[in-house]
Every structure is written in structure tokens, then in C-alpha cells.
Amino acid sequence: GEVWDAVLRSVLAYNKDPGNAEKDKYMVLSGASGTVSGAGGWLASGGNSAVRGQRLYGLGVDQVLQMEMVLPDGTHVQFGP
């Protein structure tokens, strides 16, 4: 599955860039480790983040609008409203 490493590194670099000091800062609702899959380990436990401040936005499962995956038999499925 996809992991959050590239996203977390990009957001951290943007937020620390002195050229962006006057701009809005971003926060990623994810697990605390970039090697954890969003749809696997993090959401399977409800999506509770260990990072300070992220609990203001609720659990990760509260933020999911749609999921898409391929089942072991090769079937492509989507879950959502």
C-alpha cells in the first residue's frame, strides 16, 4: 500500500522553509511514521495520531471520504458514500 513518507517530508520541508514564514502552515492527518500505510495499519486502529495537535481534527476514520483497493482475487472495489 501507499505510505506517508513523501507527504510528511514535503509538508515538513514547506513548513520549515523560511520563505513560507508568513504563509499558512499545513498539517497532515496521518500516523506518526512515514512507513505506515494509511489504509492499513493507521486506519485499522481507528486513525489515532500520536502527533501533538492532530487530535483536534478527530480520528483518521472520521476523515475518510472513499477507499479504493484491489482484493486478493484481483477485483477492484471502491467504498464510499
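Rules used throughout
- Numbering of residues starts from 1 in every chain and runs along the sequence as written.
- Local features are withheld for residues below a pLDDT of 70 in this predicted model, meaning they are given only at 70 or higher, and side-chain atom pairs are given and counted only at 80 or more; totals for whole chains, interfaces and linings count all residues.
- Processing note: side-chain calculations cover all non-hydrogen atoms of the structure and skip hydrogens and water entirely.
- The secondary structure listing takes helices from DSSP runs of H or I that are at least 4 residues long and strands from runs of E that are at least 2 residues long, numbered from the N terminus.
- Each residue is assigned to one of three classes by its accessible area relative to the maximum for its type, calculated with a 1.4 Å probe on protein chains only: buried under 20%, partly exposed between the two thresholds, exposed over 50%.
- When checking whether two residues touch, look at their non-hydrogen atoms; a contact exists if any pair is within 4.5 Å.
- In this description, accessible areas are obtained by the Shrake-Rupley approach with a 1.4 Å probe, and a residue is regarded as covered only by the protein chains that are shown.
- Distance thresholds for patches are 9 Å for like charges and 5 Å for nonpolar side chains (Val, Leu, Ile, Met, Phe, Trp, Tyr), applied to residues having over 30% relative accessible area and no salt bridge.
- One side-chain nitrogen of Lys or Arg within 4 Å of one carboxyl oxygen of Asp or Glu is enough to make a salt bridge.
- DSSP calls a pair of strands paired once it identifies at least 2 bridges connecting them.

Structural notes on the overall build of the protein chain
Here is step 1 of the chain: A count of helices and strands for the protein chain gives 2 helices and 2 strands.
Here is step 2 of the chain: Reading the protein chain from its N terminus to its C terminus gives the helix and strand order α-α-β-β.
Here is step 3 of the chain: Across the 81 residues in the protein chain, those meeting the buried criterion constitute 20%.
Here is step 4 of the chain: Considering only contacts in the protein chain between residues 6 or more positions apart, those separated by 24 or more positions represent 35%.
Here is step 5 of the chain: Working note: accessible area of the protein chain is about 6,100 Å², and carbon and sulfur atoms make up 57% of it.

Some thoughts on a nonpolar patch on the surface
Here is step 1 of the chain: A cluster of nonpolar side chains, namely M27, L56 and Y57, defines an oily patch on the protein surface of about 360 Å² accessible area.
Here is step 2 of the chain: Along the chain, M27 turns up in the loop between α1 (5-16) and α2 (38-44).
Here is step 3 of the chain: Take M27: its relative accessible area is 43%, and that puts it in the partly exposed class.

Re the pairing of strand β1 (residues 67-70)
Here is step 1 of the chain: Relative to strand β2 (residues 76-79), β1 is paired through 4 bridges, and the arrangement is antiparallel. Residue M67 lies in a different strand from β2, and its bridge partner there is F79.
Here is step 2 of the chain: Here β1 folds back onto β2, and the loop between the two strands holds 5 residues, one of which, G74, carries a positive phi near 95°.

A closer look at the pattern of salt bridges
Here is step 1 of the chain: Inspection of the entire model under this criterion finds 1 salt bridge.
Here is step 2 of the chain: Residue D5 pairs with R9 through a salt bridge whose shortest N-O separation is 2.9 Å. Of this pair, D5 and R9 both sit in helix α1, 4 residues apart, roughly one helical turn.
Here is step 3 of the chain: Judged by its relative accessible area of 30%, D5 is partly exposed.

What about the environment of Y26?
Here is step 1 of the chain: Its location among the elements puts Y26 in the loop between α1 and α2.
Here is step 2 of the chain: For Y26 and N15, which are 11 residues apart along the polypeptide, the C-alpha to C-alpha distance reads 6.8 Å.
Here is step 3 of the chain: With near-sequence residues (within four places) excluded, Y26 lies in contact with V11, Y14 and N15.

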